[in-house]
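Coordinates in review
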Amino acid sequence: MKQLLTILSLFLLVSCSQEVPIEPSTEVTLQPLEVVTGPVRVSDGITYDQNTNELVTGIVEKFYENGEFETRISYKEGKKNGVAEYYWDDGQLQGRQNFKDGKEESIEYFHRNGQLWFYLNFKDGKQEGLYESFHENGQLEERANYKDGKQEGLAEYFDKYGNLTMTETYKNGELVQ
């Protein structure tokens, strides 16, 4: 009986409510990034379209002779910005980097079998935070921390079965234990 009263109450509430007009939002049209497959030129870390000599804004794609992607890199005003992807010659993802205004923010690379190989992060162009690498079977191989580009704190090393084999301690990039 309680269920029936609840359902009836909800029905009455919905049927008696007034429709509130919703203001249409401002339409946003996203412009697709230009894809550049022609030659580019790099000078002092800035990438130019070789045909127009203009700074590249968009995605630069490079292919292996077999037609598979080799690289796919996003640029903004000649600097790497966004995702850069690198592929093995069979089309499998080899690695991925993230950039902001030409500065590296993170890297992750993969073994040929698709398992994560390692990842690391950057801050102001220097390695920062947790670094982990993995064996081809997916087991953790190494774990370490970085601060301001230098190894800091406990570093752990593991065999391909996941067993801890060694530990080290670092202070300001120097091995202390």
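Our structure is the block above this text.
Residues numbered from 1 in each chain as written. Predicted model: local features only at pLDDT ≥ 70, side-chain atom pairs only at ≥ 80, totals over all residues. Heavy atoms only, no water.

The next point concerns unusual backbone geometry. For Asp44, which is not a glycine, the phi torsion comes out positive at approximately 55°. With respect to the helices, strands and loops of the structure, Asp44 is situated in the loop between strand 2 (40-43) and strand 3 (46-49). Within the chain, Asp148 stands out as a residue other than glycine whose phi angle is a positive 55°. (Helix = DSSP H or I, 4+ residues; strand = E, 2+ residues; numbered from the N terminus.)

Another point: the packing of aromatic side chains. The full count for this structure, using the stated rule, is seven aromatic pairs. Their ring planes at 15° and their centres at 6.3 Å tell us that Tyr86 and Tyr109 sit as a pair that is stacked. Of this pair, Tyr86 sits in strand 6 (residues 79-87) while Tyr109 is found in strand 8 (residues 103-110), placing the two residues 23 residues apart along the sequence. Comparing Tyr86 with Tyr109 shows no difference in burial state: the two are buried. Aromatic pair Phe118 and Tyr131: ring centres 6.3 Å apart, planes at 40°, arrangement tilted. (Phe/Tyr/Trp six-rings, centres within 6.5 Å; stacked < 30°, edge-to-face > 60°. Buried < 20%, exposed > 50% of the residue type's maximum accessible area, 1.4 Å probe, protein only.)

Among the structural elements, Tyr75 can be located in strand 5 (residues 69-76). By relative accessible area, Tyr75 is classed as buried at 9%. Once the C-alpha coordinates of Tyr75 and Gly102 are considered, the two residues, 27 residues apart in sequence, prove to be 8.3 Å apart.

Turning our eyes to something else, we now look at the environment of Tyr170. Its place among the elements puts Tyr170 in strand 15 (residues 164-171). Once the C-alpha coordinates of Tyr170 and Ala144 are considered, the two residues, 26 residues apart in sequence, prove to be 9.3 Å apart. Non-local contacts of Tyr170, meaning those with residues more than four positions away in its chain, are made with Gln151, Glu152, Gly153, Ala155, Tyr157, Leu175 and Val176. Of note is the side chain of Tyr170, whose polar atom sits 2.7 Å from the side chain of Glu168. (Contact = heavy atoms within 4.5 Å. Polar contact = N/O pair within 3.5 Å; in protein donor to acceptor, adjacent residues only side chain to side chain.)

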